[in-house]
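Structural characterization, general
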Amino acid sequence: MNMKYDSIFAPLDLGFTSLPNRIVMGSMHTGLEERRGGMKSLASFYEQRAKEGVGLIVTGGVAPNIAGWLGPFGITLNRRAKVPKHRIVTEAVHRQGGKICMQILHAGRYGFHPFVVAPSAIKSPISKFRPFRMPGWYVKKTIRDFGRAARLAKEAGYDGVEIMGSEGYLINQFIVRHTNRREDEWGGSYANRMRFPMEVVKEVRRQVGEEFIVIYRISLIDLVPDGSTWEEVVLLAKELEKCGVTMFNSGIGWHESRVPTIASMVPQGAFVGLSARLKKQVKVPVIASNRMNDPDFVAQVLEDGQADVVSMARPFLADPAFVSKTKQGQIHNINPCIACNQSCLDRIFRRQVVGCLVNPLTGTEMWDIPKAVRAPLKIAVVGGGPAGLSFAVTAAQRGHQVSLFERAPSVGGQFLLASAIPGKDTYQKSIDYFENRLKALGVGVECNTSLTPERAKEEGFERIVLATGVKPRIPDFPGVDAPHVLDYITAIRHPERIGLRVAIIGAGGIGYDVAELLTHPGGDTPTSLRSFFRFWGIDPEVQMSGGLVEPIHPPAGTLRQVYLLQRSKGKPGAKLGKTTGWIHRLTLRKRGVKTLTGVVYHRITPEGLEYSQEEEKHFLPVDSIIICAGQLPETSLFATLEPTGIPIYIIGGAKDASGLDAERAIRQGFRLAMEMD
Ligand code: NAP
Ligand code: SF4
């Protein structure tokens, strides 16, 4: 074991039981829960993580009754008949010596179905259903339902439960005035508003006895108006401790909050300070959470005593062996989560099964095992972007003899470009991971090199995989070849060539990324914690209710003036991810970026851009124009290499550049490598 990570691997004594280490796999809905036969897949998914040594797993939220569903027919534990299917999960985890708690989550007004209930009949901005106000008798019944769910969880073999008291779900809705306007014993004074969580915890404890883990996820900062103050958070924690909580987990921000809390631009461990402050106020262990994926950072948080345990969810999708690799000091072999949300949370919101952009094996690791090949082939991979890297790693892992050729000075392709955008520096870690894997697997990598037909023949390659990616699409209108017009690749590599007034043609993911880079107050340097808090109006002391203060934005005229244009009339950036698009749109608005839609481009002059909107002609005086108008496949090498007669396979953007998609590229590379014999 690597001593540097001793703080992670110190067991945690909970009195009646102990955790083998300080890492919790945090709750995350997988979408498997509601599928036919999904609990078996879920069992395999958790079993794999338990096998790799995670100290404790917390399941995705399970409703204690139908009104508590997140969506129609969401997973519910309200009858003994449902216990056996949960047992499949608990037995799988226990087989590997792991521990697992079931999260009890009542969605309250966040439910997306017609039976939603809440303390008051106030509609949430993220569900179209107005909730029914819970009558007093029904509040008491709901408390009993929480207790019943916990008791059934114990019968199903869970080691404990986590009561979801944060992120704006039902319990949180009772606590704050933002959603609780009642005047009976469940509303009004703070003492009345915290009665619901206290009664829930007491009832749960009553039904499960003393020797059962009860985690309470407490909202440390609501990030909504009329949320709790720090004084109220501490008061609640102290009362809940008396009611029988074993550990507190940290909840950060309501889902309806317009402040990012886990996306890639949130600095590593941004909210750990709040967990540290709670830890000073309570005797039971405190779990820190949100936006941590770096084992060194996690070890430091634990060593500094800022928390007793650290919870991570997405990093376990990217790499199920996060814990075991850390234990062995194999940090460089951890596949890092890049916090993109693209294949996990965005999919969950579309009611699909969770995946991971950087790990095509997520959820299928137990049976999708790369098999050794009987007759290794000599394979040339041309292009070291996500598709080529993914193919090369899996093919080499299966025993093929792989060489990779990259025309640029280093591998990474579109990931390398992305890593230059502020807040996306983790993309470089992903490239580092692939490079380390290639090295360990003995894949020869030649940069600044394009494979020639002569060399392909000389070296006796038996297969060629063309993963040469994409080239920017350059629209055809007068002036696009002027020196002040740059494609996005040049713009990202050389922001110093760009003037103070900029028009970006194309408001897709890359247009937004370029606008982010050009208006970032610190140029391409990462955001500091202080400036992150100021920009989003976060009070890390939570002195004001909800922890919100007036945000401080860069004064007008201090940043580049950027215009983001698109031809279509719809919402700009409409294709950005569901869980991150709003952050990009809001960030640019705060920085004074102007979006123009329904634009017809006419021509570029040395002074700017001529265009029309609704048949009216306009002129935009700008110094630089950047083309972010999508991509075309880069397959020029195909014609050069085809005469060799060596079979050629095309993958990634070179195969299909429409909606250039890193997840698709990585999956294609992986699948081809799994099938190539
Ligand atoms: P994109 O999302 O398809 O956007 C291309 C933009 O160019 C659109 O705004 C399109 O809008 C415009 N356009 C297309 N053809 C044009 C033409 N001939 N002339 C002028 N404008 C034209 O492509 P992208 O921005 O290159 O991004 C590629 C992929 O990368 C996306 O699918 C996304 O998944 C991913 N990505 C996402 C993010 C993120 O979510 N933050 C960041 C980077 C990349 P009009 O046709 O309306 O003008
Ligand atoms: Fe992390 Fe993206 Fe994978 Fe989600 S999809 S786990 S955010 S890398």
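Nothing here was measured: the structure is a model prediction, and the numbers come from that model.

What follows covers the site of ligand 2. Around ligand 2 sit Arg 314, Leu 317, Cys 337, Ile 338, Ala 339, Cys 340, Asn 341, Ser 343, Cys 344, Cys 356, Leu 357 and Val 358, and that is every residue in its neighbourhood. Taken atom by atom, the bulk of ligand 2 overlaps the largest cavity. By residue class, the composition of the shell around ligand 2 is nine nonpolar, two polar and one charged.

Spatially, the eight strands close up into a barrel ordered E3-E4-E5-E8-E9-E10-E11-E12, and their pairing is parallel. The sheet shows a mean angle of 30 degrees between the axes of neighbouring strands, taken without regard to direction. The pairing of strand E10 (residues 247-252) with strand E11 (residues 286-288) spans two bridges and is parallel. Within E11, the position partnered with Phe 248 by the bridge is Val 286. Each of strand E3 (23-25), strand E4 (56-62) and strand E5 (100-104) touches helix H1 (residues 38-51); the most contacted strand, E4, lies at about 155 degrees to it. Strands in contact with helix H7 (residues 230-243) are strand E9 (213-221) and E10; relative to E9, the strand with the most contacts, it is inclined by about 170 degrees.

Looking at the secondary structure, you find His 29 in the loop between E3 and H1. Polar contacts involving the side chain of His 29 include one to the side chain of Glu 34, which spans 3.1 Å. If we ignore the near neighbours within four places in the chain, the residues touching His 29 are Glu 34, Gly 60, Gly 61, Ile 348 and Val 354.

With domains assigned, the chain is organised as domain 1 (3-349), domain 2 (378-471 + 632-675) and domain 3 (474-521 + 559-629). Facing eleven residues of domain 1, the contacting portion of domain 3 comprises eight residues. Summed over both partners, the interface of domain 1 with domain 3 buries about 750 Å², with 71% contributed by carbon and sulfur atoms. Of all residues in domain 1, the largest losses of buried area upon contact with domain 3 belong to Arg 258, Met 265 and Asp 346, amounting jointly to 55% of the total for that side. Joining domain 1 to domain 3, the criterion identifies three residue pairs in polar contact (both at pLDDT 80 or more). Class assignment for the residues of the side of domain 1 that touches domain 3 results in seven nonpolar, two polar and two charged.

Taken together, 23 residues surround ligand 1, and among them Ala 507, Ile 510, Arg 567, Ser 568 and Gln 631 come closest. Interatomic distance of 3.1 Å between a side-chain N/O atom of Arg 473 and a nitrogen atom of ligand 1. With respect to ligand 1, the side chain of Lys 575 contributes an N or O atom lying 3.4 Å from an oxygen atom. For ligand 1, the protein covers 79% of the area, taking 910 Å² as the surface of the free molecule. If you tally residues by element for the shell around ligand 1, the top one is helix H18 (residues 509-519), at three residues. In terms of residue class, the shell around ligand 1 is built from nine nonpolar, nine polar and five charged.

The rules behind the values
- Residues numbered from 1 in each chain as written.
- Chains lettered and ligands numbered in written order.
- Predicted model: local features only at pLDDT ≥ 70, side-chain atom pairs only at ≥ 80, totals over all residues.
- Heavy atoms only, no water.
- Near = heavy atom within 4 Å.
- 1 Å grid on protein atoms, 1.4 Å probe; cavity = no way out; pocket = protein on both sides within 12 Å on 5 of 7 lines; lining within 4 Å.
- Sits in = over half its atoms within 2 Å of the grid points.
- Nonpolar A, V, L, I, M, F, W, Y, C, P; charged D, E, K, R; others polar.
- Pairing = 2+ DSSP bridges.
- Helix = DSSP H or I, 4+ residues; strand = E, 2+ residues; numbered from the N terminus.
- Axes fitted to C-alpha atoms, helices over the stretch in contact; angles between N-to-C directions.
- Contact = heavy atoms within 4.5 Å.
- Polar contact = N/O pair within 3.5 Å; in protein donor to acceptor, adjacent residues only side chain to side chain.
- Domains from an automatic or database assignment.
- Buried area = accessible area lost by both parts, 1.4 Å probe.
- Areas by Shrake-Rupley, 256 points an atom, 1.4 Å probe, with all protein chains shown as cover.

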